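Given next are the chains, with one letter for each unit.
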Amino acid sequence: MTAHNITLKHAASGAEAEILVSLGFNCHRLKLLAQGEPVEVIWATPEFASGTVRPSRCGIPILFPFPGRIPGTTFEWAGKTYNLEPSDPFGNAIHGFAFKHAWKVLEHEDNVAIAQFDSREDASLAERWPAAHVLTARYELCADTLEMEFTIHNPSASPLPFGLGLHPYFKLPLGSQSAPSDCQITLPIAAEWELKDMLPTGKKHPLANAHEWQAGRAFTDLTLDNVFTELVYEPAGGRSTIEDQKAGRKVHIEYDAIFREIVAFTPPHREAICIEPYTCLPGAVVFEPQDIDAGLCVLPAGDSCVARVAISVE
């Protein structure tokens with residue numbers, strides 16, 4: 001398949017974004033203005049725009065209808081067994097379907113794009129998930145912000161269990177004269193889900209150092225592939241921050257209260273950090289039937305809901 005990219009431009013400021021529509025509607029380049037200066041916010045390899053790179057390893061992958069790993073490749077829902085594809089090196093299903101499928105562009109103006117992933121367009125997905133699902137993303141680019149609105153719709157006659165997550169790779173550092181060691185990471189977290197072999201066990205523990213995370217921790221002290229929860233919300237929602245102290249710049253990711261988990265990941269190349277808002281615990285479709293509050297959303301037939309995320313610089 002030929003790669004299909006679209007570009008958003010904010011004419012007044014020069015802000016730009018590039019989105020790979022044919023592989024997950026993935027925004028893999030984002031230039032925003034901080035104090036009048038351009039800042040490249042998102043990390044991706046140069047060849048990502050060609051559509052030949054694994055889609056979860058660059059840019060802003062959209063994870064739906066389940067973010068993170070489901071143990072193995074099968075799960076049961078309402079008395080029926082569903083089979084998924086092994087997608088990680090350990091034989092687990094991971095990150096849903098939307099991030100690796102082509103999307104359909106519904107609207108594209110200078111600084112706005114609307115696109116849609118509809119599971120009904122891939123007949124094989126009907127046997128992999130309990131209900132059909134439609135995810136519509138609206139991206140609007142401003143001088144210092146990329147606003148993202150996601151509408152989840154259940155077009156089927158059965159309830160739709162789902163989770164939504166974003167997996168942005170934030171580029172470090174934020175200034176040409178800075179180094180990753182100049183960066184601090186702030187997460188509004190108070191607890192952590194226990195993992196075993198990279199899979200949640202269903203147990204969570206309070207963080208003894210929650211105050212350090214909420215005040216800011218040095219990037220160089222962090223090696224992460226963790227699932228955090230019990231987020232501390234501001235009146236408008238949640239906010240996590242990357243601060244480059246030498247450059248005097250910050251990147252914020254803000255999210256609605258529907259996002260109740262944060263996955264934090266430091267790729268081995270150390271050129272980025274992933275701060276990933278999730279609406280649920282990875283594997284929630286497995287944990288909810290065990291009476292574990294994993295945050296699984298269940299959308300009634302015909303219903304829709306909306307989730308919003310914004311990435312900004314200052």
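Heads up: these notes are all about the structure in this document.

Procedures and definitions
- Throughout this document, residue positions are counted from 1 along each chain, in the order its sequence is written.
- The predicted nature of this model means local features are confined to residues of pLDDT at least 70 and side-chain atom pairs, given and counted, to a pLDDT of 80 or more, with totals for whole chains, interfaces and linings taken over all residues.
- Water and hydrogen atoms play no part in the side-chain values, which are based on all heavy atoms of the structure.
- Note on terminology: a nonpolar core comprises buried Ala, Val, Leu, Ile, Met, Phe, Trp, Tyr and Cys residues joined through side-chain atoms within 4.5 Å.
- Partly exposed residues are those whose accessible area sits between 20% and 50% of the maximum for their type, while under 20% is buried and over 50% is exposed, using a 1.4 Å probe and protein chains only.
- When DSSP finds two or more bridges between a pair of strands, those strands are recorded as paired.
- Helix numbering and strand numbering both begin at the N terminus, where a helix is a DSSP run of H or I of at least 4 residues and a strand a DSSP run of E of at least 2.
- For helices, the axis comes from a line fit to the C-alpha atoms of the stretch in contact; other axes are also lines fit to C-alpha atoms, and the angle between any two N-to-C directions lies between 0 and 180 degrees.
- In this analysis, rings of Phe, Tyr and Trp, with Trp reduced to its six-membered ring, are considered paired at centre separations within 6.5 Å, and the interplanar angle assigns stacked below 30 degrees, edge-to-face beyond 60, and tilted for intermediate values.
- Either the NZ atom of lysine or the CZ atom of arginine qualifies as a charge over a ring when it sits within 6 Å of the ring centre and within 35 degrees of the ring normal.

## Description of the nonpolar core
Across soluble globular proteins, you tend to see nonpolar side chains buried next to one another. The biggest cluster of nonpolar side chains holds 91 residues, and the ones touching the most others in it are Phe25, Leu30, Val41, Trp103, Tyr139, Phe150 and Phe170. If you look at the next biggest cluster of nonpolar residues, it comprises ten residues, including Leu20, Phe48, Val53 and Ala272.

## Remarks on the pairing of strand 10 (residues 104-108)
Here strand 10 pairs with strand 11 (residues 112-118) via four bridges, running antiparallel. Bridge pairing in strand 11 links Glu107 to Ile114. The turn joining strand 10 and strand 11, which pair antiparallel and follow one another in sequence, is formed by three residues.

## Observations regarding the sheet that holds strand 4 (residues 37-40)
Sheet architecture is open: four strands sit in the order 1-2-3-4, paired in antiparallel fashion. Only two strands of the sheet have a single neighbouring strand rather than two, namely strand 1 (5-10) and strand 4. With direction set aside, neighbouring strand axes in the sheet form an average angle of 15°. Bridge analysis of strand 3 (residues 26-34) against strand 4 gives four bridges, and the strand direction is antiparallel. Following the sheet pairing, Leu33 is matched in strand 4 by Pro38.

## Describing the sheet that holds strand 27 (residues 304-313)
If you trace the nine strands from one edge of the open sheet to the other, you get 10-11-12-13-27-23-22-17-20, paired in antiparallel fashion. At either margin of the open sheet sits one strand with a lone partner, and together these are strand 10 and strand 20 (217-218).

## Regarding the packing of aromatic side chains
Here a ring pair, both rings aromatic, is described through the centre-centre distance and the interplanar angle of the planes. Scanning the entire structure with this criterion turns up twelve aromatic pairs. With a centroid separation of 6.3 Å and an interplanar angle of 85°, the aromatic rings of Phe97 and Trp129 are classed as edge-to-face. Pair noted here: Phe97 is in the loop between strand 9 (93-94) and strand 10 and Trp129 is in the loop between strand 11 and strand 12 (134-141), with a separation of 32 residues, a long-range link. This pair shows no difference in class: Phe97 is buried, exactly as Trp129 is. Relative to Phe150, the ring of Tyr139 has its centre 6.1 Å away and its plane inclined at 85°; by these criteria the two rings are edge-to-face. Of this pair, Tyr139 sits in strand 12 while Phe150 sits in strand 13 (residues 145-153), and the two are eleven residues apart along the sequence. The two residues Tyr139 and Phe150 agree in class, both being buried. Among the aromatic residues, ring-to-ring pairing joins Phe25, Trp103, Phe117, Tyr139 and Phe150 into one connected group. Of note, Arg217 hangs over the ring of Trp213, and the distance from its end group to the ring centre comes to 4.7 Å. Lying across the ring of Phe219, Arg270 places its NZ or CZ 4.4 Å from the centre.

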